[in-house]
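A closer look at the structure
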Amino acid sequence: MYGRYTYPYNQNAIAHFEQALEIDPNFGLALAGLSDALVQEAFYWSGKRQVDALRFAKRAVELEPIRVESHRALGKALSINGREEEALVAFRQALDLDPADWRSALQSANLHFKRLEFDEAEAQYLDALSLAPHLDTAMSNLGYLYLKTGRADDARIWFERA
């Protein structure tokens, strides 16, 4: 179910994170969550608050630099704002903090794929799948990657698994 968001769910999450931040403006995890929800809003429903997402994610990293969620949120916010190189660094920092963070591996893979860096994308998708073997998003994206690189037989295997 990773990555399957609904607009009402997203807006509810934004409201709850904002409520938490009214209580404690320095709650790093709420800042990271709000940033992530704003990135989702921008990506899926053409929201216009991706600059806010970046501001909240940066603040989350400042407050809680050892929290994986902060660095992952920063990576996603940087990416949606077109700062892809910096986003990859943020995802790498998240993975350095927690090598088992399949979400950051998946985000990194998706960004490498978008940038047509297929070898890096393949490695990151396989890493994500080694950490979360159920991850149908990584399976299908790996299938698309193999189609794009002329490996139809490999693509079919991953599409069937997804």
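Before reading on, note that the structure itself is shown above.
Source: prediction; values computed, not measured.

This part takes up the overall build of the protein chain. A count of helical and extended segments in the protein chain gives 9 helices and 0 strands. Put simply, the protein chain runs from its N terminus to its C terminus through helices and strands in the order α-α-α-α-α-α-α-α-α. Computed over C-alpha atoms, the radius of gyration of the protein chain comes to 16 Å, within 12% of the 15 Å expected from 2.2 N^0.38 for 162 residues, which places it in the range of a compact globule. Projected onto the principal axes, the alpha-carbon positions of the protein chain cover approximately 55 × 30 × 25 Å. Split into buried and exposed, the 162 residues of the protein chain put 46% on the buried side. Across the protein chain, the fraction of contacts at a sequence separation of at least 24, relative to all contacts at a separation of at least 6, is 50%. Surface exposure of the protein chain reaches about 8,600 Å², of which carbon and sulfur atoms provide 53%.

Let's shift gears to the nonpolar core. In terms of nonpolar packing, the biggest core is built from 24 residues, with Leu34, Leu38, Leu74, Ala77 and Leu78 touching the most fellow members. Elements supplying a minimum of two residues to this core: helix 1 (7–23), helix 2 (28–45), helix 3 (50–63), helix 4 (68–80) and helix 5 (84–97). Among the elements that make up this core, the one with the highest residue count is helix 2 (7 residues). Ignoring sequence-local partners within four residues, the contact set of Leu74 consists of Leu54, Ala57, Lys58, Val61 and Ala90.

The next thing to look at is the packing of aromatic side chains. Evaluated as defined, the whole model comprises 5 aromatic pairs. For the pair Phe43 and Tyr44, a centre-to-centre distance of 5.0 Å together with 90° between the ring planes defines the contact as edge-to-face. Look at Tyr44 and Trp45: their rings are 5.6 Å apart centre to centre, the planes differ by 50°, and that puts the pair in the tilted class. Of the residues examined, Tyr44 reaches a relative accessible area of 40% and is grouped as partly exposed. An aromatic cluster of at least three residues, connected via ring pairs, comprises Tyr7, Phe43, Tyr44 and Trp45. The cationic tip of Arg55 hangs over the ring face of Phe56; the distance from NZ or CZ to the ring centre is 4.6 Å. Above the face of the Trp158 ring, Arg161 is positioned so that its terminal group lies 4.3 Å from the ring centre.

What counts and what doesn't
Residues numbered from 1 in each chain as written. Predicted model: local features only at pLDDT ≥ 70, side-chain atom pairs only at ≥ 80, totals over all residues. Heavy atoms only, no water. Helix = DSSP H or I, 4+ residues; strand = E, 2+ residues; numbered from the N terminus. Rg over C-alpha atoms; globule rule 2.2 N^0.38 Å. Buried < 20%, exposed > 50% of the residue type's maximum accessible area, 1.4 Å probe, protein only. Contact = heavy atoms within 4.5 Å. Areas by Shrake-Rupley, 256 points an atom, 1.4 Å probe, with all protein chains shown as cover. Core = buried A, V, L, I, M, F, W, Y, C linked by side-chain atoms within 4.5 Å. Phe/Tyr/Trp six-rings, centres within 6.5 Å; stacked < 30°, edge-to-face > 60°. Lys NZ or Arg CZ within 6 Å of the ring centre and 35° of its normal.

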